[in-house]
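Listed below, chain by chain, are the residues.
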Amino acid sequence: MANPSRPLPLDDATSSRTGHGSAASGRGRRRRIKITEALNGRAVRRVPLIKRIWRERWMYLLMLPGFVFFVVFQYLPLGGNAAAWQDYSPFLGLSRSLWVGWENFERIFVDPELIDSLWNTLLLSALQIVFAFPAPIALALLLTSILSDRVKRSIQMIVYLPHFIGWVIVVSIWNEMLGPLGVLNSMINTVGLPKLDIIGNPDWFPALVTLQVIWKEVGWGTIIFLAAILNIPQERYESAALDRAGPWRRIWHITLPGMASIIVLLLILRLGSVLSVGFEQILLQQPIFGAEAAQTLDTFVYFRGINGGDWGLATAAGLVKGLIGTVLVLGANKLAKVFGGEGVF
């Protein structure tokens, strides 16, 4: 006789409530049998891939536009990299252009214009990593220290706005502010001081480009860092305050460690584009500052390939730039894991 104090098994309890041989009880029993067989190492019959795709067909349909976009605009153009080993002509196409082997790659390392472009690119990229990359972090820390929500929202709205302005307008604004007849020189002229030669002076170009990037993107970059700060438990700040830790010590020992993972992630991604420093921004200002100071790898590829017709050399330069970016991302990701970070992948 069954012990009345002992609870009934799930199947028996279900059967007692819904009746023996109910469909729900039978499905639940079969599901548990399959799980038990899987745990015991027995082969479990899997649903075919076609049936699983058909079952989730609406989800795949929603993914289809994004999939087509990446195939058409990201993966199919990779076949054009074959022009790096050709004396490519758009009138002959890839199939009929003359193959020249590694000649284009050999020309890269002896071309003085490309070497100058590489140096300018590395200089601008280094300045942006040192000054433009930490700027959103500093602004995010500043915004979190403001107690008034109204003031905080007003500052955020003001610093977000330049992100939505195109580079044509940004460059025009800076020319109007810092040009020979701009606002700054007009103010300086009223007090009898000599004018500042900024716009058009090649020595000012790296600093000017970096300041433009900071002004345009610093507000937008704070969004991610503000989200990271909000995810830090408030109990840590309360404990630190009880231990008489000042604001700077709380930032150094709580806020920055809490943001470390996202900082490392964005820095790794930034290193992947270290040889890309803003094509449109540079192209718009190159006629003013000259090609010697404002020629980067992107503008070199544009002028040498599209304008000059040397498609093979331009493709080879772009391919080498992409390979270097990939190596930098992989190396930075590996270093992040070596020092205890999570990395990107």
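Description of the structure in this document. (Residues numbered from 1 in each chain as written. Predicted model: local features only at pLDDT ≥ 70, side-chain atom pairs only at ≥ 80, totals over all residues. Heavy atoms only, no water.)

Some remarks on the overall build of the protein
Alright, step 1. In terms of regular secondary structure, the protein is built from 18 helices and 2 strands.
Alright, step 2. Relative to its full complement of 345 residues, the protein shows a buried share of 32%.
Alright, step 3. When contacts within the protein are restricted to residue pairs at least 6 apart in sequence, those whose partners lie at least 24 apart make up 61%.
Alright, step 4. Accessible surface for the protein amounts to roughly 23000 Å². Of this, 67% is attributable to carbon and sulfur atoms. (Helix = DSSP H or I, 4+ residues; strand = E, 2+ residues; numbered from the N terminus. Buried < 20%, exposed > 50% of the residue type's maximum accessible area, 1.4 Å probe, protein only. Contact = heavy atoms within 4.5 Å. Areas by Shrake-Rupley, 256 points an atom, 1.4 Å probe, with all protein chains shown as cover.)

With respect to the pattern of salt bridges
Alright, step 1. All told, the structure shown has 5 salt bridges when counted by the stated rule.
Alright, step 2. Note that Asp298 is salt-bridged to Lys321, the shortest N-O span being 2.5 Å. Note that Asp298 is positioned in helix α17 (residues 297–307) and Lys321 in helix α18 (residues 311–338), a separation of 23 residues in sequence.
Alright, step 3. Residue Asp298 is classed as buried on the basis of its relative accessible area of 16%.
Alright, step 4. One network of salt bridges, in which partners are shared, links Asp111, Glu113 and Arg304. (Salt bridge = Lys/Arg side-chain N within 4 Å of Asp/Glu carboxyl O.)

Examining the packing of aromatic side chains
Alright, step 1. Scanning all chains against the criterion turns up 11 aromatic pairs.
Alright, step 2. For the pair Trp102 and Phe105, a centre-to-centre distance of 5.1 Å together with 50° between the ring planes defines the contact as tilted.
Alright, step 3. Accessibility expressed as a relative area gives 55% for Trp102, which makes it exposed.
Alright, step 4. Look at Phe105 and you get buried, because its relative accessible area is 10%. (Phe/Tyr/Trp six-rings, centres within 6.5 Å; stacked < 30°, edge-to-face > 60°.)

Focus on the packing of helix α7 (residues 112–132) against helix α12 (residues 205–230)
Alright, step 1. α12 packs onto α7 with a crossing angle of 45° between their chain directions and a minimal axis gap of 10 Å. The angle between the axes of α7 and α12 places the two elements in the oblique class. The two elements α7 and α12 meet at a crossing, and its hand is right-handed. Residues Leu123, Leu124, Leu127, Gln128, Phe131 and Ala132 of α7 form the contact with α12, whose participating residues are Phe205, Pro206, Val209, Thr210, Val213 and Ile214.
Alright, step 2. Class assignment of the residues belonging to the contact of α7 with α12 gives a composition of 10 nonpolar, 2 polar and no charged. (Axes fitted to C-alpha atoms, helices over the stretch in contact; angles between N-to-C directions. Parallel < 35°, antiparallel > 145°, perpendicular 65-115°, else oblique. Left-handed = near helix turned anticlockwise from the far one by under 90°. Nonpolar A, V, L, I, M, F, W, Y, C, P; charged D, E, K, R; others polar.)

So, the layout of surface pockets
Alright, step 1. Of the voids in this model, the largest pocket is the one considered here, and its volume is about 630 Å³.
Alright, step 2. Looking at the largest pocket, it is lined by 20 residues, and the ones nearest its centre are Ala132, Phe133, Val213, Glu217 and Arg270.
Alright, step 3. Taken together, the elements giving at least two residues each to the lining of the largest pocket come down to α7, α12 and α14 (247–272).
Alright, step 4. Broken down by element, the lining of the largest pocket gets its largest block of residues, 8 residues, from α12. (1 Å grid on protein atoms, 1.4 Å probe; cavity = no way out; pocket = protein on both sides within 12 Å on 5 of 7 lines; lining within 4 Å. Points joined across faces, edges and corners; volume = space filled by probe spheres on them.)

Observations concerning α12
Alright, step 1. Under the 1.5 Å per step criterion, the end-to-end length of α12 is 37 Å for 26 residues, consistent within 8% with the ideal 38 Å.
Alright, step 2. Of all the bends in α12, the greatest, near 50°, is centred on Glu217. (Expected span 1.5 Å × (residues − 1). Bend = angle between axes of the 7 residues up to and from the residue.)

Section: a nonpolar patch on the surface
Alright, step 1. The grouping of Trp58, Leu61, Leu64, Phe67, Val68, Phe69, Phe70, Val72, Phe73, Tyr75, Leu76 and Leu78 at the surface amounts to a nonpolar patch, some 1300 Å² of accessible area in total.
Alright, step 2. Looking at the element boundaries, Trp58 is found in helix α4 (residues 57–75).
Alright, step 3. The exposure class assigned to Trp58 is exposed, which follows from its relative accessible area of 59%. (Patch = residues over 30% accessible without salt bridge, like charges linked within 9 Å, V, L, I, M, F, W, Y side chains within 5 Å.)

A word on the nonpolar core
Alright, step 1. Ranked by size, the top nonpolar core spans 18 residues in total, and within it Ile137, Phe225, Met259, Ile262 and Ile263 carry the most contacts.
Alright, step 2. Among the elements of the structure, α8 (134–144), α9 (149–160), α12 and α14 are those that each provide at least two residues to this core.
Alright, step 3. Top element by residues in this core is α8. It accounts for 6 residues.
Alright, step 4. Beyond its immediate chain neighbours, meaning those up to four positions away, Ile137 contacts Phe225, Leu256, Met259 and Ile263.
Alright, step 5. In this structure, Leu178, Phe205, Val213 and Ile282 belong to the second largest nonpolar core, which totals 16 residues. (Core = buried A, V, L, I, M, F, W, Y, C linked by side-chain atoms within 4.5 Å.)

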